[in-house]
Amino acid sequence: MDNELDISGDDVLQNSAVEKSTPSFGNMPDFPRPTTTDYTNNQAITRHLTPNCKKIFYEAMKLKKKNDRLQRQKNNFKSRVKLAEKFATDSNNNILTNKLNSTTFKFLKSQINSQSKKPNGRRYSLDDKILSLSIYKNSPKGYRFLSTIFALPSKKTLTNLLSRVPFQAGINVHIIKHLTIQASKLKPNDRLCSLVFDEMALEPATEYNIKEDLVYGFEH
């Protein structure tokens, strides 16, 4: 018949040789190719990686997070520098600097920065704390009243500041030096004073200081 195929012996041998040389993938596992959606999940990415590649991947992710954090800090510092430059070049700021003393100027600057923030989010400089402590020691009642008007540190903040000052039993040399400096600024007539002692009820006792790891009460 005209439509029959004429297959010779050489063709059969050639086809069989091709079939034998072609490898078979029937026993190999079929790994799914990750899609674009899978790459949004780290678990989907690491599922197709070798152990060494996984380590490199996780290290790269850590470096990326660190880089993002530093970039945010950089942008934050840039914005703060711009605000500082704008504030420094402001004409009103120059007027305040020339008209007010340094203590009043720092206090007003602190109020501008702190008034819009919540009490727990306010941050005070050491000068602000020292000024507030001076007001509190002069009149605790007056300090409580001023706290309703101005943004002032809490009593706990002032107590923590005082706890950082080292006080020990006996005569405090630093206080004596400070009194000497203040007395040198007074006029001769203002230096005349009287020293008055009041009664105190004292009992022998010991007290343990946790911060300094010392026991007070054995001094002579």
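Small disclaimer: the values here were computed from a predicted structure and weren't measured.

Criteria and thresholds
Residues numbered from 1 in each chain as written. Predicted model: local features only at pLDDT ≥ 70, side-chain atom pairs only at ≥ 80, totals over all residues. Heavy atoms only, no water. Phe/Tyr/Trp six-rings, centres within 6.5 Å; stacked < 30°, edge-to-face > 60°. Buried < 20%, exposed > 50% of the residue type's maximum accessible area, 1.4 Å probe, protein only. Helix = DSSP H or I, 4+ residues; strand = E, 2+ residues; numbered from the N terminus. 1 Å grid on protein atoms, 1.4 Å probe; cavity = no way out; pocket = protein on both sides within 12 Å on 5 of 7 lines; lining within 4 Å. Points joined across faces, edges and corners; volume = space filled by probe spheres on them. Nonpolar A, V, L, I, M, F, W, Y, C, P; charged D, E, K, R; others polar. Polar contact = N/O pair within 3.5 Å; in protein donor to acceptor, adjacent residues only side chain to side chain. Contact = heavy atoms within 4.5 Å. Salt bridge = Lys/Arg side-chain N within 4 Å of Asp/Glu carboxyl O. Core = buried A, V, L, I, M, F, W, Y, C linked by side-chain atoms within 4.5 Å. Patch = residues over 30% accessible without salt bridge, like charges linked within 9 Å, V, L, I, M, F, W, Y side chains within 5 Å. Areas by Shrake-Rupley, 256 points an atom, 1.4 Å probe, with all protein chains shown as cover. Lys, Arg positive; Asp, Glu negative; His and termini not counted. Charge placed at Lys NZ, Arg CZ, Asp CG, Glu CD.

In the structure shown here, the tally under the stated rule is 3 aromatic pairs. Here the aromatic rings of Phe57 and Tyr58 are separated by 5.7 Å at their centres, their planes lie at 65°, and the arrangement is edge-to-face. Overall, the relative accessible area of 16% leaves Phe57 in the buried class. Aromatic pair Phe107 and Phe150: ring centres 5.4 Å apart, planes at 70°, arrangement edge-to-face. One end of the pair, Phe107, is in helix α5 (residues 102-114); the other, Phe150, is in the loop between α7 (140-147) and α8 (155-163), with 43 residues separating them in the sequence.

The next subject is empty space enclosed by the protein. With the rule as written, the count across this model stands at 1 cavity of 30 Å³ or more. Within this model, the largest cavity holds a volume of roughly 50 Å³. Along its surface, the largest cavity is lined by Phe107, Ser110, Gln111, Tyr124, Asp128, Ser132, Ala151, Leu152 and Pro153. When contributions to the lining of the largest cavity are tallied by element, the ones reaching two or more residues are α5 and α6 (126-138). With 3 residues, the single largest contributor to the lining of the largest cavity is α5. Taken together, the residues of the lining of the largest cavity break down into 5 nonpolar, 3 polar and 1 charged.

Our focus in this paragraph is the side chain of Asn172. Along the polypeptide, Asn172 turns up in the loop between α8 and α9 (173-184). Residue Asn172 is classed as buried on the basis of its relative accessible area, which comes to 14%. A distance of 3.0 Å separates the side chain of Asn172 from the backbone nitrogen of His174, its partner in a polar contact. Ignoring any residue separated from it by four or fewer positions in sequence, one finds Asn172 in contact with Pro166 and Phe167.

Below, the discussion takes up the pattern of salt bridges. For the structure on display, the rule yields 2 salt bridges. A salt bridge links Lys64 to Asp68, with the shortest nitrogen-to-oxygen separation between them at 3.3 Å. Here the residue Lys64 and the residue Asp68 both occupy positions in helix α3 (residues 51-89), the gap between them amounting to 4 residues, near one helical turn. In this structure, Asp127 engages Lys106 in a salt bridge whose closest nitrogen and oxygen atoms are separated by 3.1 Å. Of the two residues, Asp127 is situated in helix α6 and Lys106 in helix α5; the sequence distance between them amounts to 21 residues. Exposure remark for Asp127: the relative accessible area of 40% places this residue in the partly exposed category.

Before going further, it helps to examine the nonpolar core. Within the largest apolar cluster, 7 residues are counted, these being Phe107, Leu133, Tyr136, Tyr143, Leu152, Leu158 and Leu161. Among the secondary structure elements, those contributing two or more residues to this core are α6 and α8. Among residues more than four places away in sequence, those in contact with Leu152 are Phe107, Gln111, Tyr124, Ser132, Tyr143, Leu146 and Ser147.

Taken together, the side chains of Leu162, Val165, Phe167, Ile171, Ile175, Ile176 and Leu179 present a nonpolar region at the surface, about 660 Å² in accessible area. At 3 residues, the largest contribution of residues to the nonpolar patch is made by α9. Secondary-structure assignment places Leu162 in helix α8. Note on Leu162: relative accessible area 32%, which makes it partly exposed.

Taken together, the side chains of Lys137, Lys141, Arg144 and Lys155 present a region of like positive charge at the surface. Tracing the backbone through its elements, the reader meets Lys137 in helix α6. Note on Lys137: relative accessible area 55%, which makes it exposed.

The analysis is restricted to geometry; functional conclusions fall outside its scope.
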